[in-house]
Amino acid sequence: GYRVSLQGNFFGHNHTYMTFPEYNPRKHIKLDPPLNIQSNATASMCQIWWSVWNVPWYLAEILQYELQYKEYSMSWEVALNKTLPSSLPQVEIEATELRSGIAYAARVRCKVSENENSYHSQWSEWSQTTVFQRADVPKVSESILNMKTMQYLFIPLSFGTLFYLFWNCKLSSRKTVHFFKCCFLTLGQKAPPALTFPRQLLSFSHSILCTMGILR
C-alpha cells in the first residue's frame, strides 16, 4: 500500500489535512467514460455498441457496463437503467421496449465488476449520447390485402358452384357424356335451353378458378 497525505503551508507552518495510511490504488479506480457510442435500430431490435479508452487489458475483461436510455424529449431523471451482464461493449434492446415513431437517446458508463475482489472502482462519467428510433414494421399494401380477400371469397364460391352443378345434373351414363360435352362447348356454339343455366354456372366457376390462378 501507499501512504497519502494532503499538506498545506499557511503562515510558514506546514499542516497535514488528510492522511491515508493504507492507500491501495487498485481499490480506488475511476475509469474514463466509454467512447464512440453508436446505434442501429431495426423493426425487431436496437443494437448499441461503444469502445473504451486507456483501460488495461486485464481490466477490460472484468468491466461492468450500465446503459441508460430514454425518450429523446424526456429528462434523464426518468430514464431506464440496465446493468449489463456481460463485459462486451455492446447491448441489444428489444423492439417491444421501444415505442414506434419515437426518438430515443442512450448513454453508457463503466466500472470494474462488483464480483471482482482484487479491484474496486466507482462508476465512470456518462458517455456521449446516441440517438435512435425503432424502424416501423413493413405494412402489407391495401391491394395485397384486397387480393387475399378476393381469393378467400372465391374459394367457397367456386366449390359451391361446382357442387350445385353435379347435384343438379344426376344423369344416366349416356347423359353424363352429353353433360361433359356441354361443359366444353365453345362460346360460339349454342347449348340446349335445358342446359343453358348449368353451362353458365360452369363457365362462371371456370372463370373464377382462372382468376384465382392469376391472383396467385
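Up top you'll find the structure we're talking about.
Figured I'd write up the structure that's included with this text. All of these numbers come straight from a predicted model, not from anything done at the bench. (Residues numbered from 1 in each chain as written. Predicted model: local features only at pLDDT ≥ 70, side-chain atom pairs only at ≥ 80, totals over all residues. Heavy atoms only, no water.)

Attention shifts here to unusual backbone geometry. With a phi close to 50°, asparagine 36 is a non-glycine residue in the positive phi region. Exposure remark for asparagine 36: the relative accessible area of 56% places this residue in the exposed category. Unusually for a residue other than glycine, asparagine 54 sits at a positive phi of about 60°. Mapped onto the elements of the fold, asparagine 54 is located in the loop between β5 (45-51) and α1 (57-60). (Buried < 20%, exposed > 50% of the residue type's maximum accessible area, 1.4 Å probe, protein only. Helix = DSSP H or I, 4+ residues; strand = E, 2+ residues; numbered from the N terminus.)

Taken together, the side chains of Tyr2, Val4, Leu6, Phe10, Phe11, Tyr17, Met18 and Phe20 present a nonpolar region at the surface, about 910 Å² in accessible area. Ranked by residue count, the leading element in the nonpolar patch is strand β1 (residues 2-10), at 4 residues. With respect to the secondary-structure elements, phenylalanine 20 resides in strand β2 (residues 13-23). Overall, the relative accessible area of 38% leaves phenylalanine 20 in the partly exposed class. (Patch = residues over 30% accessible without salt bridge, like charges linked within 9 Å, V, L, I, M, F, W, Y side chains within 5 Å. Areas by Shrake-Rupley, 256 points an atom, 1.4 Å probe, with all protein chains shown as cover. Salt bridge = Lys/Arg side-chain N within 4 Å of Asp/Glu carboxyl O.)

Quick look at the pattern of salt bridges now. Summed over the entire model, instances satisfying the criterion amount to 5 salt bridges. Ionic pairing is found between glutamate 125 and lysine 30, a salt bridge with its closest N-O pair at 2.7 Å. Of the two residues, glutamate 125 sits in the loop between β10 (121-122) and β11 (130-133) while lysine 30 sits in strand β3 (residues 29-30), which places them 95 residues apart along the sequence. Lysine 30 sits in the partly exposed class, given a relative accessible area of 43%. A salt bridge links arginine 99 to glutamate 71; the shortest N-O distance between them is 2.8 Å. Taken together, the residues span a long stretch of sequence, with arginine 99 in the loop between β8 (90-94) and β9 (103-112) and glutamate 71 in strand β6 (residues 63-71) at a distance of 28 residues. Given a relative accessible area of 49%, arginine 99 falls into the partly exposed group.

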